[in-house]
Amino acid sequence: MKEFRGGTAVVTGAASGFGRVTSLALAERGMHVIAADIDLEGAERTAARAGELGGKGSARWVDVADAAAMEEFAAAVEEAHGVPDLVINNAGIAVMGPFLETGAEDWDEIIGVNLVGVVNGSRSFGRRMAERNRSLPRARRSGHIVNIASAASYQPVRSLSSYCATKAAVRMLSECMRADLARDGIKVSCICPGFSGTNIAKNARVASGVSAEKAAKVRKWSEAGLRMRHYPPEKVAARIIKAIERDEAVVSINLEGHLSHLVSRVSPSLGRLVARVPAPF
Ligand SMILES: NC(=O)c1ccc[n+]([C@@H]2O[C@H](COP(=O)([O-])OP(=O)(O)OC[C@H]3O[C@@H](n4cnc5c(N)ncnc54)[C@H](O)[C@@H]3O)[C@@H](O)[C@H]2O)c1
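Residues numbered from 1 in each chain as written. Predicted model: local features only at pLDDT ≥ 70, side-chain atom pairs only at ≥ 80, totals over all residues. Heavy atoms only, no water.

The Sequence similarities (unreviewed entry) field of the UniProt record for the protein chain holds the comment "Belongs to the short-chain dehydrogenases/reductases (SDR) family." (UniProt positions renumbered as here; feature names shortened; annotations may be inferred.)

Written out as structure tokens, the structure is:
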């Protein structure tokens, strides 16, 4: 995708963090952004700001983990605005805690949002992009799906087993989708950022087996860690836009993103050692 102006973008998790700032960056480039989130007020704030920045904004409540709700959402978008040019499957959560204290309900929640949410968005919107493209000559086919994974897709981290597992799955899913959807003229990119100052730690779930006292400590520690990192989400949004312009397959962002990727390729045993760095559990 080289031309954003006049196009339509769907962004999930658009109320906060990467989803919000990427929505605003797309609006600045003249796109109509459909901001989707379980936090409807937040999504409405993003949509309103998108309108002030020269684009257009609409908001929609949706739970990405709910396949039927996502299908309904995609049908409503198609009916009101046509098939979107760009879909960013960004909504995500973290679960923090040792593996043995991460319960079945924690796994259901994180797999539902981080992995099945990406599958749902990609299937419901991707199918519509493919159907539209099949009636067009090859040169006029379009559509780009961007999936937000993480540096955690490369690097194991103790006490983040469920998060790392879902993000590694999203990266592989994106690679498979890129190969599969190419025949329908749909591009697929996967983004792997390191730490950045969003609300992810504040919104994170502490594993159900962790005591309330420890959970408070963990939350404070992780929020402080993200604050100290000082990597603005706007830089992540700018890199996402470049990845779309260049049709890049997998993009690592910031020092942790690049280092994790490098270590996973050059010295996985070093990565395994780093994975054992103690956390406050
Ligand atoms: N911040 C980081 O350091 C970092 C690093 C790498 C990857 N990521 C990934 O970036 C993405 C965005 O996270 P963020 O850091 O901006 O966090 P954030 O908490 O600031 O934003 C996440 C948004 O997703 C929404 N959301 C959560 N569950 C949802 C659901 N079921 N349906 C719809 N919306 C839902 C939340 O309401 C929130 O607005 C996530 O996939 C996250 O895993 C974040």
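Once the structure has been displayed, the description carries forward.
Turning our eyes to something else, we now look at a nonpolar patch on the surface. Nonpolar side chains collect at one region of the surface, where L255, L259, L262 and V266 lie side by side and expose about 410 Å² of accessible area between them. Topologically, L262 is positioned in helix α8 (residues 254-266). Judged by relative accessible area, L262 falls into the partly exposed class, the value being 49%. (Patch = residues over 30% accessible without salt bridge, like charges linked within 9 Å, V, L, I, M, F, W, Y side chains within 5 Å. Areas by Shrake-Rupley, 256 points an atom, 1.4 Å probe, with all protein chains shown as cover. Salt bridge = Lys/Arg side-chain N within 4 Å of Asp/Glu carboxyl O. Helix = DSSP H or I, 4+ residues; strand = E, 2+ residues; numbered from the N terminus. Buried < 20%, exposed > 50% of the residue type's maximum accessible area, 1.4 Å probe, protein only.)

Turning next to the packing of aromatic side chains. Counted according to the given criterion, the structure contains two aromatic pairs. Their ring planes at 70° and their centres at 6.4 Å tell us that F99 and W107 sit as a pair that is edge-to-face. Judged by relative accessible area, which is 51%, F99 ranks as exposed. (Phe/Tyr/Trp six-rings, centres within 6.5 Å; stacked < 30°, edge-to-face > 60°.)

On to the pattern of salt bridges, then. Taken as a whole, this structure holds 13 salt bridges when the rule is applied. In this structure, R127 engages E71 in a salt bridge whose closest nitrogen and oxygen atoms are separated by 2.7 Å. A residue pair is termed long-range when its members are at least 10 positions apart, and R127 in helix α4 (residues 104-134) and E71 in helix α3 (residues 67-81) qualify at 56 residues. Note on R127: relative accessible area 37%, which makes it partly exposed. Exposure remark for E71: the relative accessible area of 27% places this residue in the partly exposed category. In this structure, the salt-bridge partner of R246 is E248, at a minimum N-O distance of 3.9 Å. A single salt-bridge network, built from bridges that share partners, covers E71, E78, R127, R128 and E131.

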